[in-house]
Structures are given as C-alpha cells and as structure tokens.
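Structural description and commentary
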Amino acid sequence: MSKIRFEISDTDLTLLNPFRDFSEEVHTVKVRKDPLLGDISVYNPRLKDKVKFFFGDCDIGLLEKLIEDSAKNCIFCGDMIEKSTPRYPSNLVSEGRIKKGEAVLFPNLFPIGSYHSVIRLSDAHFLKLSEFRPGIIENGIMAAQTFINLVYNHDPSASFVAVNANYLFPAGATLVHPHLQMLITPIPYSYHERLIRANRSYYEKHSTEFYPDLIEEEKRKGERYVAQMGGWHWLTAFSPMGNNEVMAVHEEKSDLGLLSKSDLADLSKGISSVLAFYESLGHLSFNYSIFSVRRASSQKGFRCILKIISRQNLYPNYRNDDYFLQKLLQSELIINLPEDLAVELRGFFKHDIQGG
Ligand SMILES: [Zn+2]
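To start, this report covers the structure provided alongside it. Quick caveat: nothing in here was measured; it's all calculated off a predicted structure. (Residues numbered from 1 in each chain as written. Predicted model: local features only at pLDDT ≥ 70, side-chain atom pairs only at ≥ 80, totals over all residues. Heavy atoms only, no water.)

1. What about the overall build of the protein?
Counting secondary structure elements, the protein contains nine helices and 14 strands. Against the 2.2 N^0.38 benchmark of 21 Å for 356 residues, the protein shows a C-alpha radius of gyration of 21 Å, consistent with a compact globule. When the backbone C-alpha atoms are referred to their principal axes, the protein occupies close to 70 × 55 × 40 Å. Put simply, of all contacts in the protein between residues at least 6 apart along the chain, 67% involve residues at least 24 apart. Here the protein has roughly 16700 Å² of accessible surface; of this, 52% comes from carbon and sulfur atoms. (Helix = DSSP H or I, 4+ residues; strand = E, 2+ residues; numbered from the N terminus. Rg over C-alpha atoms; globule rule 2.2 N^0.38 Å. Contact = heavy atoms within 4.5 Å. Areas by Shrake-Rupley, 256 points an atom, 1.4 Å probe, with all protein chains shown as cover.)

2. What about the packing of aromatic side chains?
Within this structure, the stated rule accounts for 18 aromatic pairs. An angle of 25° between the planes, with centres 6.3 Å apart, marks the rings of Phe 126 and Tyr 167 as stacked. Residue Phe 126 is found in the loop between strand E6 (115-120) and helix H4 (134-154), and its partner Tyr 167 is found in strand E7 (residues 160-167); the two are separated by 41 residues along the sequence. A relative accessible area of 18% places Phe 126 in the buried class. Joined through ring pairs, the aromatic side chains of Phe 126, Phe 132, Tyr 167, Phe 286 and Tyr 288 make up one cluster. (Phe/Tyr/Trp six-rings, centres within 6.5 Å; stacked < 30°, edge-to-face > 60°. Buried < 20%, exposed > 50% of the residue type's maximum accessible area, 1.4 Å probe, protein only.)

3. Some details on the packing of helix H5 (residues 190-206) against helix H6 (residues 210-221)
In the contact formed by H5 and H6, the axes pass within 9 Å of each other and the chain directions differ by 80°. Put simply, H5 runs roughly perpendicular to H6. Along its contact with H5, which presents Leu 195, Asn 199 and Tyr 202, the element H6 presents Phe 210, Tyr 211 and Asp 213. A breakdown of the residues in the contact of H5 with H6 according to their chemical character gives four nonpolar, one polar and one charged. (Axes fitted to C-alpha atoms, helices over the stretch in contact; angles between N-to-C directions. Parallel < 35°, antiparallel > 145°, perpendicular 65-115°, else oblique. Nonpolar A, V, L, I, M, F, W, Y, C, P; charged D, E, K, R; others polar.)

4. Observations regarding the coordination of the zinc ion
Around the zinc ion, the protein contributes the donor atoms Cys 74 (SG), Cys 77 (SG), His 125 (ND1) and His 177 (ND1), which lie 2.1 to 2.3 Å from the metal centre. Coordination at the zinc ion is tetrahedral: its four donor atoms span angles of 105 to 119° at the metal. Looking at Cys 74, the relative accessible area reads 4%, which means it is buried. (Donors = N, O, S within 2.8 Å, 3.2 Å for Na, K, Ca; no water. Tetrahedral: all angles 85-135°; square planar, octahedral: opposite > 155°, others 65-115°.)

5. So, the side chain of Arg 97
Tracing the chain through its elements places Arg 97 in the loop between helix H3 (80-84) and strand E4 (98-100). Judged by its relative accessible area of 8%, Arg 97 falls in the buried class. A polar atom in the side chain of Arg 97 sits 3.4 Å from the backbone oxygen of Pro 86. Sequence-distant contacts of Arg 97, defined by excluding residues within four places in its chain, comprise Ile 81, Glu 82, Thr 85, Pro 86, Arg 87, Val 104, Leu 105 and Phe 106. (Polar contact = N/O pair within 3.5 Å; in protein donor to acceptor, adjacent residues only side chain to side chain.)

In structure tokens, the structure reads:
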C-alpha cells in the first residue's frame, strides 16, 4: 500500500430549492485532504452553476484605465527605476542593484523580512499572461539567485527563501508593472515552516522522502501528473490551496541558490506555460511562490517547489476570492477539479517538451 494517501470524504446534504418549487435537492460535498499537510479543500460539483458569481470576465475598459492611470507615475517604468527605487549598500551588492536582461532587483522600501527584494521583470508596464515569455521570468529568477548567493556569503543565518509573484490588485499587487518579491529570512514563514516540519516527520515515519514518493505515486495514478521538464515535475495539487493550483517539484535539490542554469530555464518555461494556460481559461491575475531551503541547513526531505494559483478577474464589483473559508478556516474551494485541470494543462506542456 502506498505511503501517500489521497483522502476524499463525501458528505450528503439535503435542501429544498426555491428555484425548483422547493423540491428536494441532494448535494454531495467532497472534502479532500492534502497528503502532506492535511489541509482541506472542498468540491461541490453544483458550484459550477454559480461560477459566474466567482469569476466574471475581466472588464476590458476598467483594465485599460488601470493600465493607463498607473503608467503615469510608475516607478518601474523607463528612467524612473534608476531614480526612484532603493539600492543595496555596496558591501552587499556592489552596483546597488542586480540587472539581468530587463530584470532589475533592488530592496523593498517597506521590508517585511531580513532581506526583502523586489524584482522588476520587464520594460513593459503591462503584460498579458501569454506575454510572460520564459526569458522574462528566467532573467528575474536569475537575478534572485544571484542575490541569494550574495546574501549566503554575507549572512550564515539566512536560510529560507521564498520568491513570490502578485499580479494585479486581486492578487495583492500594489503596482501593475510585472514584478516579483523575494524574502530571505533566518526563520521560515508559517507555510514554509509547516512544509519543512511535515517533510521531516514524513521521513522519520517512513524512512523515505515525501516528494519522491509523491511523484512516483502521481505518475503511477496518472490523474494529476502533467509533465517532466528537466529536473522539474509538474502536477496539479490533489487538495489545492488556491484556484487552479499547479505545482512543480525539483527532483533533487532544496536550495534555489544551487539550481543550475538549465533548472532555472526549465522552471521559467513551465511558469510561462501555466500562465498561458490560465489565459486560455480567461484569467489574468495570479500568485506564485517558489520555496527554497539552504542546503547547509539540511532539512531532510525538503525540495525546491513552486506553487502557482489564479486569482479573481478585474471588474468593478468583483468579489475577493479569499473569504472566511480561506482566510480563517484555512481551507480552499475547488472550482475546477485538479484531475480535469491536468488533462488540459498537458497540452500546454507538450509544446515546451517537444520544442526543448
Ligand atoms: Zn510601469
């Protein structure tokens, strides 16, 4: 029997539906548990009927106005990036900022961790999701990796890295201009710590590592496994922590600072493919995080992983997709089943794999 458990519990409930003359209606709610952390997500197939309440289409007029208004005073556009973004002291970053192609890394003016960088990704003020080409993402992640290694040389306690993306205000971004934010900290932040602890416990219990076991089991089942690109395995999450969650797991390494150039290129290609897929589903806003643990801190079983989710679209009376269920019960609602998502996503990865 597999050590990885994909638990689903069904709950039936009955209600009298006013739109069907108060006739009796039985709903089945399917509750899923994440195989590593036990985190809950719920699926009610009937919610598909209500999906327009959750995800209306983007209002193009509103979007254009947002892009135009925000471009007027954007500190990431043109010369403004030189004039208006902070620099690191030269004993940490000799030039003050790190540049790779169009990517520019600099400190966040309002840090929320020991090292909190912002990485401006593109010259363009706005990108459609299909315009996040792999090279744009790769330059950003390469700049992040350069900074990680400078920090490692400077500070032995800096062990936990999260490279994060918020795109557009439904995802929490204050600026439209495409960018990443990276935290490097001596203590892992909550979710990161839960992942580390759970990987350690799994290893202590089974004497094998969780992620290799997960990949093996997901490949065997074939329902959520999407593709392998270089050292990365791509799959949809059994119990997602956000809408349309896709994850990538590095087969061997935990430390983003030590990944090879081809590892970063393959990761960027995959992110670009997922974003193009989200665009095909009608989405524009997203978050992702890449979680990393410094090799020297030796956290058994941990792997460098990426989690990416789509967020609410932009329209005047849009409703935030984080409500009590997510924020306070820390559980998630499934709109598209992970297994259905994987079927469609495979088409977006086929091209990348065949094209190298
Ligand atoms: Zn801009």
